[in-house]
Amino acid sequence: MKNRLRVLRAEREWSQAELAGQLDVSRQAVNAIETGKHDPSLGLAFKIARLFAMPVEQIFDDGAHVGEE
Amino acid sequence: MPYQPNTPDRYNREQSFRYMFLSLGANCVLIFDVFIALPNIVRVLAMGSVVGGLLVAGLMASRVDDYFRALCYSGQQWTVSGIAAYLLFYLFNAGYDTGYGAGFALGSEGMAPEREPLIALSPLLTDGYVVALSFAMLFFLGFAYASLRARW
């Protein structure tokens, strides 16, 4: 799943470790999510959305566009 | 925020990942020990590390984070596949032994075959300690493979 986590983190000048600390996950988890190798759980996705004060769908993109089917 | 005792912090979480790689190394040492006996102190330390890694993966994975759990799941898939391959090997051998025994009995008026059944031929494969070490190795390899694949 594509996501904008790296961009959002860079905008705030946070390191992966700092973001991991705020999300209560490991730095490895942040790296895996940023590179698209791991999809976060629903709970973590909401936590990320709350941290960046954005809707989940503005951070994560599963490639399916609503209304196109 | 409610107080949650023993909640792991970021340092603890990252240590869990490193510990799994340490356990992989320790498991390699134990496999090596099966063929060339190592000093007891090395064996005990390696065994402690492997057992610790398995306990972290089995009992504490959910306390680390989602990603750690996903990596453990990958290790479990490798282990389950290994068990299937191991039992498949036994299935083929047992099938061959059954067929050979039945054929021999039909062709020799009910006498039992003289050769050893295939299933009894490999002592290493029936040694519970070696089998457990091999499956633990598969678990740590699956974990490491999934972890390294996520880095590149």
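Scroll up for the structure.
Computed from a predicted model, the values in this text were never measured in an experiment.

Draft legend 1. Geometry of the overall build of chain A. Scanning chain A from N- to C-terminus turns up five helices and two strands. Going from N to C terminus, chain A has its helices and strands arranged as β-α-α-α-α-α-β. At 12 Å, chain A has a C-alpha radius of gyration in line with the 11 Å of a compact globule built from 69 residues. Projected onto its principal axes, the C-alpha positions of chain A cover 40 × 20 × 20 Å. Burial analysis of chain A (69 residues in total) assigns 22% to the buried set.

Draft legend 2. Main features of the overall build of chain B. Helix and strand counts for chain B come out as six helices and zero strands. Reading the helices (α) and strands (β) of chain B from amino to carboxyl end gives α-α-α-α-α-α. Split into buried and exposed, the 152 residues of chain B put 24% on the buried side. Pairs at least 24 apart in sequence give 72% of the contacts found in chain B among residues at least 6 apart.

Draft legend 3. Layout of the interface of chain B and chain A. Facing 12 residues of chain B, the contacting portion of chain A comprises 15 residues. Among the elements of the structure, α1 (10-35), α4 (66-107) and α6 (128-151) of chain B are those that each provide at least two residues to the side of chain B that touches chain A. In the side of chain B that touches chain A, the residues fall into six nonpolar, no polar and six charged.

Draft legend 4. Highlighting the environment of Phe-46 of chain A. Residues and elements named next belong to chain A. Locating Phe-46 in the fold gives a position in helix α4 (residues 42-51). Judged by local crowding, Phe-46 falls into the exposed class, with 12 C-beta atoms found within 10 Å. Phe-46 sits 10 residues away from Val-56 along the chain, and the two C-alpha atoms are 6.4 Å apart.

Draft legend 5. Representation of helix α3 (residues 27-34) of chain A. Burial of α3 of chain A is extensive: six of the eight residues sit out of reach of the surface. Directly beyond the C-terminal end of α3 of chain A, a positive phi value near 75° is found at Gly-36 of chain A.

Draft legend 6. Seen up close, the environment of Gly-95 of chain B. Residues and elements named next belong to chain B. Inspection of the secondary structure puts Gly-95 in helix α4. Judged by the 12 C-beta atoms lying within 10 Å of it, Gly-95 falls in the exposed class. Note: C-alpha distance between Gly-95 and Phe-139 (44 residues apart in sequence) is 29 Å.

Draft legend 7. Inspection of the nonpolar core at higher detail. Of all hydrophobic cores here, the largest spans 33 residues; its most connected members are Ala-29 of chain A together with Tyr-67, Leu-71, Phe-140 and Phe-143 of chain B. Those elements that place two or more of their residues in this core are α2 (16-23) and α3 of chain A together with α1, α2 (40-59), α4 and α6 of chain B. Ranked by residues supplied to this core, first place goes to α6 of chain B with eight residues. Those residues in contact with Tyr-67 of chain B, other than ones at most four positions away along the chain, are Val-25, Ser-26, Gln-28, Ala-29, Ala-32 and His-38 of chain A.

Draft legend 8. Seen up close, the packing of α1 of chain B against α6 of chain B. Residues and elements named next belong to chain B. For the pair α1 and α6, interaxial distance at closest approach is 9 Å and the crossing angle is 150°. Here α1 runs over α6; the crossing is left-handed. Note on element contacts: α6 touches α1 through Val-130, Leu-133, Ala-136, Met-137, Phe-140, Leu-141, Phe-143 and Ala-144, opposite Met-20, Phe-21, Ser-23, Leu-24, Asn-27, Leu-30, Ile-31 and Val-34.

Draft legend 9. Here's a closer look at unusual backbone geometry. Residues and elements named next belong to chain A. Although it is not a glycine, Glu-13 adopts a positive phi angle of roughly 55°. Mapped onto the secondary structure, Glu-13 falls in the loop between α1 (5-11) and α2. One non-glycine residue with positive phi stands out, namely Ala-53, at about 55°. Positionally, Ala-53 belongs in the loop between α4 and α5 (56-59).

What counts, and where the lines are drawn
- Residues numbered from 1 in each chain as written.
- Chains lettered and ligands numbered in written order.
- Predicted model: local features only at pLDDT ≥ 70, side-chain atom pairs only at ≥ 80, totals over all residues.
- Helix = DSSP H or I, 4+ residues; strand = E, 2+ residues; numbered from the N terminus.
- Rg over C-alpha atoms; globule rule 2.2 N^0.38 Å.
- Buried ≥ 20, exposed ≤ 12 C-beta atoms within 10 Å, placed from the backbone.
- Contact = placed C-beta atoms within 7 Å.
- Nonpolar A, V, L, I, M, F, W, Y, C, P; charged D, E, K, R; others polar.
- Core = buried A, V, L, I, M, F, W, Y, C linked by C-beta atoms within 7 Å.
- Axes fitted to C-alpha atoms, helices over the stretch in contact; angles between N-to-C directions.
- Left-handed = near helix turned anticlockwise from the far one by under 90°.

Keep in mind these numbers describe shape, not what the thing actually does.
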